[in-house]
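Chain residues, written in single-letter form:
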Amino acid sequence: SAGPSSEYELYTLTTWLLKEEQKGTVTNELAVVISSIALACKQIGSLVTRAGVSNLTGLAGAANVQGEDQKKLDVVSNEVFCNCLRSSGRTGVIASEEEDLPVAVEETYSGNYVVVFDPLDGSSNIDAGISVGSIFGAYEPSEECRVEDMDDPEKMMQNCVLNVCQPGSSLVMAGYCLYSSSTVFVLTVKEGVFGFTYDSLVGEFVLTHPNMKVPESGKIYSFNEGNYATWEKGLQEYMDSLKTGGADGGKPYSARYIGSLVGDFHRTLLYGGIYGYPGDKRNVNGKLRLLYECAPMSLIMEQAGGKGTTGRERVLDICPEAVHQRVPLFVGSPKEVDYVESFLK
Ligand code: AHM
Ligand code: MG
């Protein structure tokens, strides 16, 4: 029964975290990690809003390890995230979309959480002022990432990769922050999903969406249908069937695609339906990364009563073999995910 008890009580993310700590659903260390991520998101939100006037649009001039051109804001957001996590003192290893390899944090004080994140997803939308977001998740360390190994960079690095390569089912926390007409921070610590909207006058995330649940089904699909010709037969048949009303027939589905995972996902969570980034002939595993995109989003969707699958297996069951590994993703209302799977399995 989380929520304000008086009309004037401001029920913020901080209040919520304190209550969760009292209940024992988050450790003190994890609460500190989440607070530091929220701070990073506030800062990124303000940078995104001001990008056009502070010369932060356009390319940074380099490509990341995955060969993608980095935008200025990709680079800045990564720095903001890393700084906030470092100064939290509770993070042992961090892995980011924008870094080649996971990095050990020297300033760790306690907790040692392994934090994975995409600091700014959908950044191709930035220069047009369209929604973008940050995605994150945390694991307990699986292998000691010992400071004494710092002298042996090779060993240190292997240790970090081992820590990071855990299946999504081991995540202890996941969330995202949407930078749009409002800034919304959505979080799970595996006890349901909670959404907080940023109140810029108070400077805090305020609880606005307690215990979010995805509708059982929903007639909205969100795919980059431009890739249709390169999809497998089953998926093409599925797509065709949505246009005649899907499983129950009737009204055709509506198409909605921003090209920002966080925005498309947030709508799917609230209104129901399905988001998909399938594999195609050229990229058999699609485009999205398991560790810091598909796994956290699948955990959130499952916690909201929905599902996340590659079309063949549950995303949270996959143990990553590489930090930037890609997998196909279908997430959303349970009935919609079952329906797409019936064409693929
Ligand atoms: P990014 O991490 O480089 O920003 O790419 C991820 C984004 C997702 O937000 C979005 O769902 C997808 O790429 C869109 O890809 P496409 O343009 O191929 O439809
Ligand atoms: Mg991304």
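Given the structure is predicted, the values throughout are model-derived calculations rather than measurements.

Rules and cut-offs
Residues numbered from 1 in each chain as written. Chains lettered and ligands numbered in written order. Predicted model: local features only at pLDDT ≥ 70, side-chain atom pairs only at ≥ 80, totals over all residues. UniProt positions renumbered as here; feature names shortened; annotations may be inferred. Helix = DSSP H or I, 4+ residues; strand = E, 2+ residues; numbered from the N terminus. Buried ≥ 20, exposed ≤ 12 C-beta atoms within 10 Å, placed from the backbone. Near = placed C-beta within 6 Å. Nonpolar A, V, L, I, M, F, W, Y, C, P; charged D, E, K, R; others polar. Pairing = 2+ DSSP bridges.

Within this numbering scheme, the UniProt entry marks residues 214-344 as carrying the feature "domain: Fructose-1-6-bisphosphatase class 1 C-terminal" (unreviewed entry). Within the segment residues 214-344, helix and strand shares are 35% and 12% respectively, and the terminal C-alpha atoms sit 23 Å apart.

Among the 11 residues that make up helix α6 (residues 261-271), nine are buried, leaving the element largely enclosed by the rest of the structure. Of all the positions in α6, only Leu-261, Val-262, Gly-263, Asp-264, Phe-265, His-266, Arg-267, Thr-268 and Leu-269 are classed as buried. Gly-272 lies just past α6 and shows a positive phi near 85°.

Neighbouring residues of ligand 1: Glu-68, Glu-97, Asp-118, Asp-121, Gly-122, Ser-123, Asn-224, Gly-259, Ser-260, Leu-261, Tyr-277 and Lys-287. In the shell around ligand 1, the residues fall into two nonpolar, five polar and five charged.

Moving on, we come to the environment of Glu-97. Assignment of secondary structure puts Glu-97 in the loop between β3 (91-96) and β4 (103-104). Exposure remark for Glu-97: the 25 C-beta atoms within 10 Å place this residue in the buried category. Separated by 195 residues in the primary sequence, Glu-97 and Tyr-292 place their C-alpha atoms 7.3 Å from one another.

Let us look at the pairing of strand β13 (residues 274-277). The alternating pattern of β13 places Ile-274 and Gly-276 and Tyr-275 and Tyr-277 on opposite faces, both of which are buried. Examined bridge by bridge, β13 and strand β15 (residues 329-332) share four bridges and lie antiparallel to one another. Looking across to β15, one finds that Ile-274 is bridged to Gly-332.

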